[in-house]
Amino acid sequence: MSDAPKILVVLTSHDKLGDTGKPTGWYLSELAHPYEVLTSQGFQLTLASPTGGPAPLDPSSIEAASNDDSSQRFLKEQNALWEATEPLISFLGRADEFAALFFPGGHGPMFDLAVDPTSQALVQEFADKGKVVAAVCHGPAALVGAGKVLEGKAVTGFTNAEEEAVGLDGVVPFLLEDRLVEAVGKGGRFEKAAEKWGEKVVVDGKLITGQNPASAKGVGEAIARAVWGA
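Residues numbered from 1 in each chain as written. Predicted model: local features only at pLDDT ≥ 70, side-chain atom pairs only at ≥ 80, totals over all residues. Heavy atoms only, no water.

1. As for the layout of surface pockets
Right, on to step 1. Space inside the largest pocket adds up to approximately 390 Å³.
Right, on to step 2. Surrounding the largest pocket, 19 residues form its lining, Tyr27, Asp58, Ser60, His107 and Leu168 being those nearest its centre.
Right, on to step 3. Each residue belonging to the lining of the largest pocket can be placed in one class, and the counts come to 11 nonpolar, 5 polar and 3 charged.
Right, on to step 4. Space inside the second largest pocket adds up to approximately 160 Å³.
Right, on to step 5. Along the walls of the second largest pocket sit Ala127, Asp128, Gly130, Lys131, Val133, Val149, Lys153, Asp204, Gly205, Lys206 and Leu207, which together make up its complete lining.
Right, on to step 6. In terms of residue class, the lining of the second largest pocket is made up of 4 nonpolar, 2 polar and 5 charged. (1 Å grid on protein atoms, 1.4 Å probe; cavity = no way out; pocket = protein on both sides within 12 Å on 5 of 7 lines; lining within 4 Å. Points joined across faces, edges and corners; volume = space filled by probe spheres on them. Nonpolar A, V, L, I, M, F, W, Y, C, P; charged D, E, K, R; others polar.)

In structure tokens:
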């Protein structure tokens, strides 16, 4: 590995919110905040998606971050990153080139990454090689079908209460909290902040998960610590 550790960031290619007719995709602040943290510490980020090419940015996340300087700066200066993602399949067998695998959220991953066999194989590969595997908000949906990667682990993700609060509990293909509880099994646990929308980052060895958009910066910081061994 070069002196500048590389992180493979996987974005959704899914842009429709169920059959509501509304757009979805990946969530701006959940990439912008970790990007700022990680690039400031010398990391290089490579972006991929199931289909490659432009990865759909959820327009609601742009509106939600209208007063967030980090997100607005990222939106204006780094758009080339998500407009030209590399096909996910091209990274199979290449985990040794990277220090970590990271899945930002947005509702899109619930529809494609949760069931994408290439994504699941990548998660398994990175975990088997002892690499950092991280996800935030709905990003952990990409982990639930990846073999036994989550079994016995402590995790977090977008909660049932938060999904209900945004009125999408009847739209998403499953409730992430329920699926994570199932995936970790009796030997694991699902953790969450005391209140909805509170920051919560859970680190279990090389597995890092964040609950919601407020947890994105903390996930980036946890990735850096895990890679540097701090």
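2. What to know about the pattern of salt bridges
Right, on to step 1. Under the definition given, this model contains 8 salt bridges.
Right, on to step 2. Among the ionic pairs, Arg94 bridges to Glu97, the shortest N-O distance being 3.0 Å.
Right, on to step 3. Since its relative accessible area comes to 32%, Glu97 is described here as partly exposed.
Right, on to step 4. Glu177 is the salt-bridge partner of Lys192, the closest N and O atoms lying 3.2 Å from each other. Pair noted here: Lys192 is in the loop between strand S7 (189–190) and strand S8 (201–204) and Glu177 is in helix H8 (residues 176–184), with a separation of 15 residues, a long-range link. (Salt bridge = Lys/Arg side-chain N within 4 Å of Asp/Glu carboxyl O. Buried < 20%, exposed > 50% of the residue type's maximum accessible area, 1.4 Å probe, protein only. Helix = DSSP H or I, 4+ residues; strand = E, 2+ residues; numbered from the N terminus.)

3. Quick notes on the environment of Lys131
Right, on to step 1. In this fold, Lys131 is placed in the loop between helix H6 (117–128) and strand S5 (132–136).
Right, on to step 2. Residues Lys131 and Ala4 lie 127 residues apart in sequence; the distance between their C-alpha atoms is 15 Å.

4. Some details on the pairing of strand S9 (residues 207–210)
Along any regular strand the residues' side chains alternate between the sheet's two faces.
Right, on to step 1. Side-chain alternation along S9 places Leu207 and Thr209 on one buried face and Ile208 and Gly210 on a second face that is also buried.
Right, on to step 2. Judged from the 4 bridges that link them, S5 and S9 form a sheet pairing that is parallel. Looking at the pairing, Ala134 lines up with Ile208 of S9.
Right, on to step 3. Hairpin connection from S8 to S9: 2 residues lie between these consecutive antiparallel strands, with Gly205 at a positive phi of about 65 degrees. (Pairing = 2+ DSSP bridges.)

5. Here we look at the side chain of His33
Right, on to step 1. Along the polypeptide, His33 turns up in helix H1 (residues 28–40).
Right, on to step 2. Judged by its relative accessible area of 18%, His33 is buried.
Right, on to step 3. There is a polar contact of 2.6 Å between the side chain of His33 and the side chain of Asp68.
Right, on to step 4. Not counting residues up to four positions away in its chain, the partners in contact with His33 are Asp68, Ser70, Ser71, Ala216 and Lys217. (Polar contact = N/O pair within 3.5 Å; in protein donor to acceptor, adjacent residues only side chain to side chain. Contact = heavy atoms within 4.5 Å.)

6. A short note on the sheet that holds S9
The strands that make up a sheet pair up through hydrogen bonds in the backbone, lying either parallel or antiparallel.
Right, on to step 1. Pairing in this open sheet of 7 strands is mixed, and the strands run S3-S2-S1-S4-S5-S9-S8 from one edge to the other. Both edges of this open sheet fall to strand S3 (86–87) and S8, since each of them pairs with a single strand only.
Right, on to step 2. Where strand S2 (residues 44–49) lies against S3, 2 bridges are found, and the strand directions are parallel. Pairing of Ala48 across the sheet is with Glu86, part of S3.
Right, on to step 3. Together, strand S1 (6–10), S2, strand S4 (100–103) and S5 form the strand contacts of H1, whose direction differs from that of S2 by roughly 150 degrees.
Right, on to step 4. Set on the sheet, helix H9 (residues 216–228) makes contact with S1, S4, S5, S8 and S9; between it and S5 the angle comes to about 175 degrees. (Axes fitted to C-alpha atoms, helices over the stretch in contact; angles between N-to-C directions.)

7. Quick word on helix H3 (residues 69–77)
Right, on to step 1. Buried within H3 are the following residues: Ser70, Ser71, Gln72 and Phe74.
Right, on to step 2. Here the buried face of H3 lies against H1, helix H2 (59–64) and helix H4 (79–83).
Right, on to step 3. Sitting at the head of H3, Asp68 places a side-chain oxygen 3.2 Å from the backbone nitrogen of Ser70.

8. Some points on unusual backbone geometry
Right, on to step 1. The phi dihedral of Cys137 falls on the positive side, at around 60 degrees, and the residue is not glycine.
Right, on to step 2. At Trp197, a position not held by glycine, the phi torsion is positive, near 75 degrees.

9. Quick notes on H8
Structural remark: α-helix, 3.6 residues per turn; residues separated by three or four positions point the same way.
Right, on to step 1. Listed as buried for H8 are Leu176, Glu177, Leu180 and Val184. Here the buried residues of H8 occupy an arc of 95 degrees about the axis, which is enough to place them on one side.
Right, on to step 2. Along its buried surface, H8 packs onto helix H5 (108–111), strand S6 (154–155), helix H7 (160–165) and S7.
Right, on to step 3. Remark: Gly185 follows H8 within two positions and exhibits a positive phi of approximately 75 degrees. (Arc of directions from axis to C-beta.)

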